[in-house]
Amino acid sequence: MITRTRLAAGACALLAALAAGMAFPVGASAGEPTGEDAPKVDLVLDVSGSMRTRDIDGGTRMAAAKQAFNEVLDATPEEVQLGIRTLGADYPGDDRKTGCKDTAQLYPVGPLDRTEAKTAVATLAPTGWTPIGPALLKAADDLDGGAGSKRIVLISDGEDTCAPLDPCEVAREIAAKGIGLTIDTLGLVPNTKMRQQLSCIAEATGGTYTSVEHTDELTDKVNQLVDRAADPVVTPVATEGADECAKAPTLKSGLYTDREEFGQQRWYRVDVEPGQELRASVSVGADRAVNPSYGVLLRAVTVHGREIVRGEAAGNGRTDVLSTGLRYPKAESDEDDAAAEAVCLQVTNSFSVASGVKTTPGLPLELTVDVVDGPGDSDDVAAFGLGRGWWLLGLLVLVGFVAGLLWGWLSRWRFAIWRTN
């Protein structure tokens, strides 16, 4: 009896899994990566005087960084264009103005000559200040051009010493350009203040922060980030929404990025032909400290202001990204030359900040627009949930029913034989 129960449960699980697999529609092709441009990575290394400290595996922080870089250079994928930028490597003096300009391209971003890059790294010696903000601005220029993925990997053992140029604000400005650049940060033997600053830099661009205290950890993490740059990515297209529908830019299927002020409305337009379906989603990120309890609203309305459909989401401070979406299928028309309908998309947020927190630039906004052929009567995924999977589900149900009957008959026969014996 136990065996029969387990087999029945297994068959049901298999049936459910197969049916669920057929229920999901094929993903839309909007915004797929082309892979035409080589991915670019700029390794930004802190070479300030504090890198002389001997607290990583019995050696200096600089020695750990050099060893990690040599191993990373050996493992860098051929398709990745890699460069190395330093900060605090050249000026040993006390003049703040001069020290805060101390950033240089040690190895230019491009096809990697491993021997040349290793030779350049070997010449480094801990020297001066920690101008993180200026180094990030220059690194963004190093990666300028092309539509491939762009990534800055910042390795530092201390917070920036060149305020008021706040590196976190610099990261937000870089993100606001909409060039698809990600900054990942690694902190060597971090303290609280440095951790907060490096985390803020990473979060502003959708990157990651990692605390590192051993050489092998540094090597593994940098390798992961360089390898990640080689993965296919979708680079959002920078756009600028309007303050009303009539002035809104018309968007095609794709992935877009924008900036939205606190409590602001942004408008975009999409043309939807009869028989097509509009699918749209939006994500708004809190890249700075915000008050708890906030929301995001995405509405599809006609050019005359009548609401068609909406999607909304609310947050309570536990997440720094809020997303919502909507779908609008436009019915077929009996007229062959029926005009497309201009649908206006309105994005509104209710984020707010405490006094003292900067409100500019606006919050990062990412909008996905997909206009596809509308579902037919027989395979309406929105209505039935399974699309063309209905026939397979019916077949599986029939096969399961017949198999159950055969199994039941076989079990009764075996039980009868057992009683006879």
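Our subject is the structure listed above.
Definitions and cut-offs
Residues numbered from 1 in each chain as written. Predicted model: local features only at pLDDT ≥ 70, side-chain atom pairs only at ≥ 80, totals over all residues. Heavy atoms only, no water. Helix = DSSP H or I, 4+ residues; strand = E, 2+ residues; numbered from the N terminus. Buried < 20%, exposed > 50% of the residue type's maximum accessible area, 1.4 Å probe, protein only. Contact = heavy atoms within 4.5 Å. Areas by Shrake-Rupley, 256 points an atom, 1.4 Å probe, with all protein chains shown as cover. Salt bridge = Lys/Arg side-chain N within 4 Å of Asp/Glu carboxyl O. Polar contact = N/O pair within 3.5 Å; in protein donor to acceptor, adjacent residues only side chain to side chain.

> I'd like a description of the overall build of the protein chain, backed by residues and values.
A count of helices and strands for the protein chain gives ten helices and 17 strands. Of all 421 residues assigned to the protein chain, the portion counted as buried reaches 44%. Relative to all contacts within the protein chain whose residues are 6 or more apart in sequence, the contacts with residues 24 or more apart total 75%. Element-wise, carbon and sulfur atoms account for 53% of the exposed surface of the protein chain, whose accessible area totals about 21600 Å².

> Explain the pattern of salt bridges to me, using residue names and the numbers behind them.
Scanning the entire structure with this criterion turns up 17 salt bridges. Where arginine 61 meets aspartate 157, a salt bridge forms, and the shortest distance between an N and an O atom there is 2.8 Å. One end of the pair, arginine 61, is in helix α2 (residues 61-75); the other, aspartate 157, is in the loop between β6 (150-156) and α6 (167-176), with 96 residues separating them in the sequence. Exposure class is identical for arginine 61 and aspartate 157. Each is buried. Measuring nitrogen to oxygen at the nearest pair gives 3.3 Å for the salt bridge that ties aspartate 258 to arginine 266. No difference in accessibility class separates aspartate 258 from arginine 266, as the two residues are buried. Salt bridges here are not isolated pairs; linked through shared partners, they connect Arg299, Glu307, Arg310 and Glu312.

> Tell me what's going on with the side chain of threonine 130, and back it up with residues and numbers.
As for its position among the elements, threonine 130 is in the loop between α4 (114-122) and α5 (132-142). Side-chain polar atoms of threonine 130 contact the side chain of serine 48, separated by 3.5 Å. When sequence neighbours within four positions are dropped, the list of residues in contact with threonine 130 reads Asp46, Ser48, Leu87, Ser156, Gly158, Glu159, Asp160, Thr161 and Cys162.

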